[in-house]
Structures are given as C-alpha cells and as structure tokens.
Amino acid sequence: MAVIVATDNDFDNVLNSNQHVVVKYYADWCGSCRLFSPKFKRMSDDEAFANVAFVDVNAETSPEARKLAGVTNLPFFAIFKDGKLVDTVAASKEEAVRDLISKLTI
C-alpha cells in the first residue's frame, strides 16, 4: 500500500477513514527521517501490515497533527486505532517501529 501524505487539513479524515494507522512525523532537515523513509515504505508493502494505513506528516508544517501525538523528537511514530492515539515511539530503528505497529493487531 502506498504511504499517505497528510497535513493538518486532512489528518482527521485519514484517521477516521482507517481503523489502524501508523504515522511517521518527519522534517525535511532531519537526516534520520530521510534515511527511514525507504524502510517505512517497505513496511507499508509488507503483507503482515496489510490492514494498517501508513501516513507521513511533516511535523513542521502540520502543528495540529504533531500536537495530537505529542511529538518530542524526529523521526517520531504514533499508532492510532479507530481515530484514537494508542502509543508512540521516537526511534530510527525499524524493529522499534515494527514493535509499535504490532500493538495495533493485538
């Protein structure tokens, strides 16, 4: 599945249109964020996560979406179930993000 790019304008709609959502918060200047992008894309294509919507949000240009998850560092990942925040992690390791996403399917 393609990674959805969301902004403050459509973030709520994305959350409410998908039961399980993982959001990657990033900034254009963030090197670790850029390095993680191909991993995030690869995870979005993983059959194990077929029922999860993968979303990219620029933390600098979408302050409301950033506030909703309490973003502290970048890259920052948040999972939402039925539009509600479930858990977050500030990490650049794929294993940490996979562990976070696995909490959606429990």
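Quick note: structure is the one above.
Described below are features of the structure shown in this document. (Residues numbered from 1 in each chain as written. Predicted model: local features only at pLDDT ≥ 70, side-chain atom pairs only at ≥ 80, totals over all residues. Heavy atoms only, no water.)

### Observations concerning helix 2 (residues 31-44)
- An ideal rise of 1.5 Å per residue puts 20 Å on 14 residues; helix 2 measures up with 21 Å between its terminal C-alpha atoms.
- Of all the bends in helix 2, the largest measures some 35° and sits at Ser 37, one to four residues before the proline Pro 38.
- Where helix 2 is buried, its residues touch strand 2 (20-26), strand 3 (53-58), strand 4 (76-81) and helix 4 (94-102). (Helix = DSSP H or I, 4+ residues; strand = E, 2+ residues; numbered from the N terminus. Expected span 1.5 Å × (residues − 1). Bend = angle between axes of the 7 residues up to and from the residue. Contact = heavy atoms within 4.5 Å.)

### Brief notes about the sheet that holds strand 3
- The strand order 1-3-2-4-5 describes an open sheet built from five strands, whose pairing is mixed. Each end of this open sheet is capped by a strand with a single partner; those strands are strand 1 (4-6) and strand 5 (84-90). Direction aside, neighbouring strands of the sheet carry axes that sit 25° apart on average.
- With six bridges connecting them, strand 2 and strand 4 associate as antiparallel partners. Bridge pairing links Val 23 to Ala 78 in strand 4.
- The strands that helix 2 touches are strand 2, strand 3 and strand 4; relative to strand 2, the one it contacts most, it runs at about 165°.
- Of the strands in this sheet, strand 2, strand 3, strand 4 and strand 5 touch helix 4, which is tilted by about 15° from strand 4. (Pairing = 2+ DSSP bridges. Axes fitted to C-alpha atoms, helices over the stretch in contact; angles between N-to-C directions.)

### Here we look at the pairing of strand 5
- By the bridge criterion, six bridges tie strand 4 to strand 5 in an arrangement that is antiparallel. Among the inter-strand pairings, Lys 81 is bridged to a residue of strand 5, identified as Lys 84.
- Counting the residues in the hairpin turn of strand 4 and strand 5 gives two residues, including Asp 82, whose phi is positive at 55°.

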